[in-house]
Structures are given as structure tokens and as C-alpha cells.
Amino acid sequence: MIESAQEAALGRLLAVRPLMEEGPYGGPTDGLCAAIENLMVVLGSEDIADLVADAVVAGRTSLDDADIYLGVAAWSGTENGASMQRTLESWLRDGEDVVRVHLALHSECYPFRDANEMVSVLSDLAQRLPQFRERYAELIASRSR
């Protein structure tokens, strides 16, 4: 029962086309925010990252849309994305899943509170997943400012 409720809530979110629907100030529509908030309620957590990443892997949504979903989710809950941030950072530490690494690197949440950990993790990832080298360099450079 819970899984079907989560699937229905995820389906409602994925039905919203965030790149085509914009609110009056260039932000997300109320429909997108409502769908994300509904998914959080049904899930019982503000961390929707794994569900969204799995939807990308399954071909149910694009990376671009997933980036938007996670960005809006980071600001839609009561914790400003804290639980989702932990998930995204764990994806970077693991560095095994290209979709998850992409989503973590393009998140609204800045990775890692500790600058040394960020440099260490991103430098390691640069060796294993070189396709994101430019993004690693951007994040490291922006941290040192």
C-alpha cells in the first residue's frame, strides 16, 4: 500500500514538466511545488533524491528535469534540504553511479561543509569519473573564494 502511494505521488511529480512550466517570476509553478510537497508527505521524508535518481535510471524523467525537481525539493521542506544533502554527499563519496554523481554535482545544495573533504572527494572523483572534471573544478574554485 505504501509503495503504491509513493509510486502515485512520484508519478504526479514526473507528470509536471518543469522546463515548460514557469511561475510568474521565472521560478517553478505551484503545480511543481505541490507535487514535490505531496511526494515528501507520502514518503514521510524530505529526501526524495533516491526516488528521483531511480526515475532517471528507469528512463522516466531526464537529468535536466531531475536537477530541477531536486533543486525545488531543497527549498520546499522545513529543513532546507538537510536530509537530502546527506544523501547527495554520500553519492559523491561512493562515486559509483554516474546519474547520482551528476545530480549531486548539479544540486542546489553546496557539497560538504568541510572544504578539505570536498576537495578530497572531488579530486578522487576526477580520477574515476573524468567527464565531470569541469564541474569539480568550478566547485573547488568557488569554495576557495
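Computed from a prediction, not measured in an experiment: that's the story for all the values here.

About the criteria used
- Residues numbered from 1 in each chain as written.
- Predicted model: local features only at pLDDT ≥ 70, side-chain atom pairs only at ≥ 80, totals over all residues.
- Heavy atoms only, no water.
- Phe/Tyr/Trp six-rings, centres within 6.5 Å; stacked < 30°, edge-to-face > 60°.
- Buried < 20%, exposed > 50% of the residue type's maximum accessible area, 1.4 Å probe, protein only.
- Axes fitted to C-alpha atoms, helices over the stretch in contact; angles between N-to-C directions.
- Helix = DSSP H or I, 4+ residues; strand = E, 2+ residues; numbered from the N terminus.
- Parallel < 35°, antiparallel > 145°, perpendicular 65-115°, else oblique.
- Left-handed = near helix turned anticlockwise from the far one by under 90°.
- Contact = heavy atoms within 4.5 Å.
- Nonpolar A, V, L, I, M, F, W, Y, C, P; charged D, E, K, R; others polar.
- 1 Å grid on protein atoms, 1.4 Å probe; cavity = no way out; pocket = protein on both sides within 12 Å on 5 of 7 lines; lining within 4 Å.
- Points joined across faces, edges and corners; volume = space filled by probe spheres on them.
- Salt bridge = Lys/Arg side-chain N within 4 Å of Asp/Glu carboxyl O.
- Core = buried A, V, L, I, M, F, W, Y, C linked by side-chain atoms within 4.5 Å.

Novice: What am I meant to see in the packing of aromatic side chains here?
Specialist: Two aromatic rings, taken as a pair, are described by how far apart their centres are and by the angle between their planes. Following the criterion strictly, the structure yields 1 aromatic pair and no others. With a centroid separation of 6.4 Å and an interplanar angle of 70 degrees, the aromatic rings of Phe132 and Tyr136 are classed as edge-to-face. The exposure class of Phe132 is buried, given its relative accessible area of 11%.

Novice: Mind showing me how you'd approach the packing of helix H7 (residues 115–128) against helix H8 (residues 133–143) here?
Specialist: The description of two packed helices rests on the angle between their axes and on the distance between the axes. Taken N-terminus to C-terminus, the directions of H7 and H8 make an angle of 165 degrees; their axes are 10 Å apart at the nearest point. Classed by the angle they form, the pair H7 and H8 counts as roughly antiparallel. The two elements H7 and H8 cross, and the hand of that crossing is left-handed. Counted together, Ala115, Met118, Val119, Leu122, Ser123, Leu125, Ala126 and Gln127 of H7 and Arg133, Tyr136, Leu139, Ile140 and Arg143 of H8 form the full contact between these two elements. A per-class count over the contact of H7 with H8 returns 9 nonpolar, 2 polar and 2 charged.

Novice: I tried to follow the layout of surface pockets on my own but got confused; where do I start?
Specialist: Over the atoms a probe the size of a water molecule is rolled, and this reveals where empty space is left. Considering only enclosed or pocket space, the largest pocket measures out at about 240 Å³ in volume. Lining of the largest pocket is provided by Ala74, Trp75, Asn80, Ala82, Gln85, Arg86, Glu89, Glu108, Cys109, Tyr110, Phe112 and Arg113. Of all elements in the fold, only helix H4 (63–76) and helix H5 (82–94) reach the threshold of two or more residues within the lining of the largest pocket. Examining the composition of the lining of the largest pocket, we find that 4 residues originate from one element, H5, more than from any other. Class assignment for the residues of the lining of the largest pocket results in 6 nonpolar, 2 polar and 4 charged.

Novice: In this structure, what is going on with the pattern of salt bridges? I would like to understand it.
Specialist: Two side chains carrying opposite charge are able to pair once their charged atoms lie near each other. This model, assessed by the stated rule, comprises 9 salt bridges. When the shortest N-O distance is used, the salt bridge between Glu117 and Arg93 registers 2.8 Å. Taken together, the residues span a long stretch of sequence, with Glu117 in helix H7 and Arg93 in helix H5 at a distance of 24 residues.

Novice: Sorry, what's going on with the nonpolar core here?
Specialist: Nonpolar side chains tend to gather and get buried jointly when the protein is soluble and globular. One finds Leu13, Ile48 and Tyr136 to be the most contacted residues of the largest nonpolar core, which totals 42 residues. Put simply, the parts of the chain that give this core at least two residues each are helix H1 (2–15), helix H2 (30–43), helix H3 (49–57), H4, H5, helix H6 (98–105), H7 and H8. Once you skip the residues sitting within four places of it in the chain, Tyr136 turns out to touch Val101, Leu105, Leu122, Leu125, Ala126 and Leu129.

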